[in-house]
Amino acid sequence: MKVFIENEAGSRIKHEHNEKTLELQGTSLVSRAFPWPYGFILHTTGQDGDNVDCFVLTQRSLRTGDIVDCDPIGLIEQIEDGEIDHKIFARFPDEAAVLDEAAVEKFKDFALHVFEHIPGKTKEIGRCCDRQMAIAYIDRHQDRNQTT
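Just so it is clear, the model here is predicted, and its values are computed rather than measured. (Residues numbered from 1 in each chain as written. Predicted model: local features only at pLDDT ≥ 70, side-chain atom pairs only at ≥ 80, totals over all residues. Heavy atoms only, no water.)

Overview of the pattern of salt bridges
Note on pairing: side chains with opposite charge can pair once their charged atoms come close.
So, step 1. A complete count under the given rule lists 14 salt bridges for this structure.
So, step 2. The residue D69 makes a salt bridge to K2 at a minimum N-O spacing of 2.9 Å. Of this pair, D69 sits in strand β6 (residues 67–69) while K2 sits in strand β1 (residues 2–7); the two residues are 67 residues apart in sequence, bridging distant segments of the chain.
So, step 3. R60 is the partner of D94 in a salt bridge, and the nearest nitrogen-oxygen pair spans 2.6 Å. Placement of the pair is D94 in the loop between β9 (87–91) and α1 (101–113) and R60 in the loop between β5 (53–56) and β6, with a sequence separation of 34 residues. (Salt bridge = Lys/Arg side-chain N within 4 Å of Asp/Glu carboxyl O. Helix = DSSP H or I, 4+ residues; strand = E, 2+ residues; numbered from the N terminus.)

Considering the packing of aromatic side chains
So, step 1. The tally for this structure, following the rule as stated, stands at ten aromatic pairs.
So, step 2. Consider the rings of F34 and Y38, whose centres lie 5.6 Å apart with planes at 20°: the pair is stacked.
So, step 3. Look at Y38 and you get buried, because its relative accessible area is 9%.
So, step 4. With a centroid separation of 5.2 Å and 45° between ring planes, the pair formed by F34 and F110 is classed as tilted. (Phe/Tyr/Trp six-rings, centres within 6.5 Å; stacked < 30°, edge-to-face > 60°. Buried < 20%, exposed > 50% of the residue type's maximum accessible area, 1.4 Å probe, protein only.)

Here's the deal with α1
So, step 1. Relative to the 18 Å expected for 13 residues at 1.5 Å per residue, α1 spans 18 Å between its end C-alpha atoms, a close match to the ideal helical length.
So, step 2. For α1, the full list of buried residues reads A103, V104, F107, F110 and A111. Along the axis of α1, the buried residues cluster in a sector spanning 130°; they form a single face. In α1, the exposed positions that point more than 90 degrees away from the buried face belong to E101 and A102.
So, step 3. Residues of α1 that are buried make contact with β5, β7 (71–80), β9 and β10 (123–129). (Expected span 1.5 Å × (residues − 1). Arc of directions from axis to C-beta. Contact = heavy atoms within 4.5 Å.)

Quick look at helix α2 (residues 131–140)
So, step 1. Residues of α2 that are buried: A134, Y137 and I138. Buried residues of α2, seen end-on, are gathered within an arc of 95° and therefore sit on one face of the element. Every exposed residue of α2 that faces more than 90 degrees away from the buried side is listed here: Q132 and R140.
So, step 2. The inward-facing, buried residues of α2 abut β4 (38–41), β7, β8 (83–84) and β9.
So, step 3. Capping the start of α2 is the job of one residue whose side-chain oxygen sits 3.2 Å from the backbone nitrogen of Q132: D130. (Polar contact = N/O pair within 3.5 Å; in protein donor to acceptor, adjacent residues only side chain to side chain.)

Geometric values such as these leave the question of function open.
Set out below in structure tokens:
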């Protein structure tokens, strides 16, 4: 799968792109730095109308605008402001990253605090699911009319 990197690991700058054209629409400052490179899976549409979100578990320096080929390794369920907004976790094929308990806890800490600056923002973190569940989720949200 191809992942568009929207936000860099270690940065508190959140870039917002039109997820279909990849045009930068703006930036904002969030309350926590991104723990890993974060973006979305190209040619998908989640229940919230946006592309399916994805964290890439890597130490590689990925920049905003990079498009990388990754393999899904898991999914963490998330509800944001009452809408399903699950997160896919991925790795490079030549890396051994895993979605273990430490990574899950790191994600939960980030997710529950990243938008503290926005009054009324709500998040619920659910189950951590395996690779097969992640693949099935991505498949259900593929843009079927995509030719590439």
